[in-house]
Amino acid sequence: MGFFDFMTEDIAIDLGTANTLIIHNDKVVIDSPSIVARDRITGKIIAVGKEANMMQGKTHENIKTIRPLKDGVIADFDASEQMIKMFIKSIPALKKKLFTPALRMVICIPSGITEVEMRAVKESAERVNGKEVYLIHEPMAAAIGIGVDIMQPKGNMIVDIGGGTTEIAVIALGGIVCDKSVKIAGDVFTNDIIYYMRTQHNLFVGETTAEKIKIQIGAAMEELDNAPEDMSVQGRDLLTGKPKQVDVSYREIAKALDKSIQRVEDAVMETLSQTPPELAADIYNTGIYLAGGGSMLRGLDKRISLKTDLPVYIAEDPLRAVVRGTGMALKNINKYKGILIK
């Protein structure tokens, strides 16, 4: 390796269903939606990330927006590879280089992933010049990013609510003791809102609008201490076909999301019930850590806390907890050799 060391760049990637984040030189250099826009006729990718995201739901027949990842795994291999390639190309520090440097990467993957899906991620990485590719399980990365010392003989519980999957894991001694990966997360919440608006208000809203509703007034409980203001939502009236606007309160969204949140709660309860008693004792003291964008749903921490009778903490900057942990694993690669999958 020796001579090539200075030509190798280290990057950490959180390849998410909703957002892709990349860390290079300890800085988050890419934080973009995982979406690409493709020209139907030429097959060329015309936009990626934020730009493609703005096109979502507004395209004519020659443009197609694709979300290459579904439920945390690669669904469209070609599009995902193009997307990663374009993201890596747009890293400012790598732009200056004359030729593409060899890359050493750590990429995080859901814990419920199959061998085949794992290989798809690896191959994608190798095809964008990844010479050394390591994979790390998402709950592990989240734990490191939150600042938990995962090597200790102490139990910690992590709930990472992403776009495609919710990962729940009990971690001790640098390993996952019991885990559960459920496909109920941000995307499902968004669809719940679309369905609610259709059935309750006869209003047809797109994904982008539903996502905005979720971020602006989304809630997990109908009684909140500092409640957000009502939001005006525009869409298409299903009865008249005309564009119309309705006002929606956070209580309605809490109702809309209730069933899905219950299923997340159930998964948490089930994981707790499978936890060995010594670790359960630790978790009684340490509580539960929430990470991922879904943890920012108002009142979710309180709701899980009421259900489990445990203290619940939200990671700081939960959207970036996973990529931070992935970056830390890459930086201290020797310390974390044991948890990285080669």
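Computed from a prediction, not measured in an experiment: that's the story for all the values here.

### Describing the overall build of the chain
Working step 1: Helix and strand counts for the chain come out as eleven helices and 18 strands.
Working step 2: Relative to a compact globule of 342 residues, whose C-alpha radius of gyration would be 20 Å, the chain shows 21 Å and is just as compact.
Working step 3: A total of 342 residues make up the chain; the buried ones form 51% of that total.
Working step 4: Intrachain contacts of the chain at a sequence separation of at least 6 include 64% that bridge at least 24 residues.
Working step 5: For the chain, the accessible area works out to roughly 16400 Å², and carbon and sulfur atoms hold 51% of it.
Working step 6: Here the chain contributes 42 positively and 45 negatively charged side chains, and the mean placements of these two sets differ by 6 Å.

### Things to note about empty space enclosed by the protein
Working step 1: Per the counting criterion, the structure on display carries one cavity of 30 Å³ or more.
Working step 2: There is about 50 Å³ of room inside the largest cavity.
Working step 3: In terms of residue count, strand 9 (residues 102–109) provides more of the lining of the largest cavity than any other element does, three residues in total.

### A look at the pattern of salt bridges
Working step 1: Across all of its chains, the model carries 13 salt bridges by this definition.
Working step 2: Two residues, aspartate 187 and arginine 67, come together in a salt bridge whose shortest N-O distance is 3.3 Å. Residue aspartate 187 is located in helix 6 (residues 186–201), and its partner arginine 67 is located in the loop between strand 6 (63–66) and strand 7 (69–70); the two are separated by 120 residues in the primary sequence.
Working step 3: Look at aspartate 187 and you get partly exposed, because its relative accessible area is 23%.
Working step 4: Between glutamate 223 and arginine 251 there is a salt bridge, with the nearest N and O atoms lying 3.2 Å from each other. With glutamate 223 in the loop between helix 7 (207–217) and strand 15 (231–237) and arginine 251 in helix 8 (residues 250–274), the pair connects residues that are 28 residues apart, well separated along the chain.

Definitions and cut-offs
Residues numbered from 1 in each chain as written. Predicted model: local features only at pLDDT ≥ 70, side-chain atom pairs only at ≥ 80, totals over all residues. Heavy atoms only, no water. Helix = DSSP H or I, 4+ residues; strand = E, 2+ residues; numbered from the N terminus. Rg over C-alpha atoms; globule rule 2.2 N^0.38 Å. Buried < 20%, exposed > 50% of the residue type's maximum accessible area, 1.4 Å probe, protein only. Contact = heavy atoms within 4.5 Å. Areas by Shrake-Rupley, 256 points an atom, 1.4 Å probe, with all protein chains shown as cover. Lys, Arg positive; Asp, Glu negative; His and termini not counted. Charge placed at Lys NZ, Arg CZ, Asp CG, Glu CD. 1 Å grid on protein atoms, 1.4 Å probe; cavity = no way out; pocket = protein on both sides within 12 Å on 5 of 7 lines; lining within 4 Å. Points joined across faces, edges and corners; volume = space filled by probe spheres on them. Salt bridge = Lys/Arg side-chain N within 4 Å of Asp/Glu carboxyl O.

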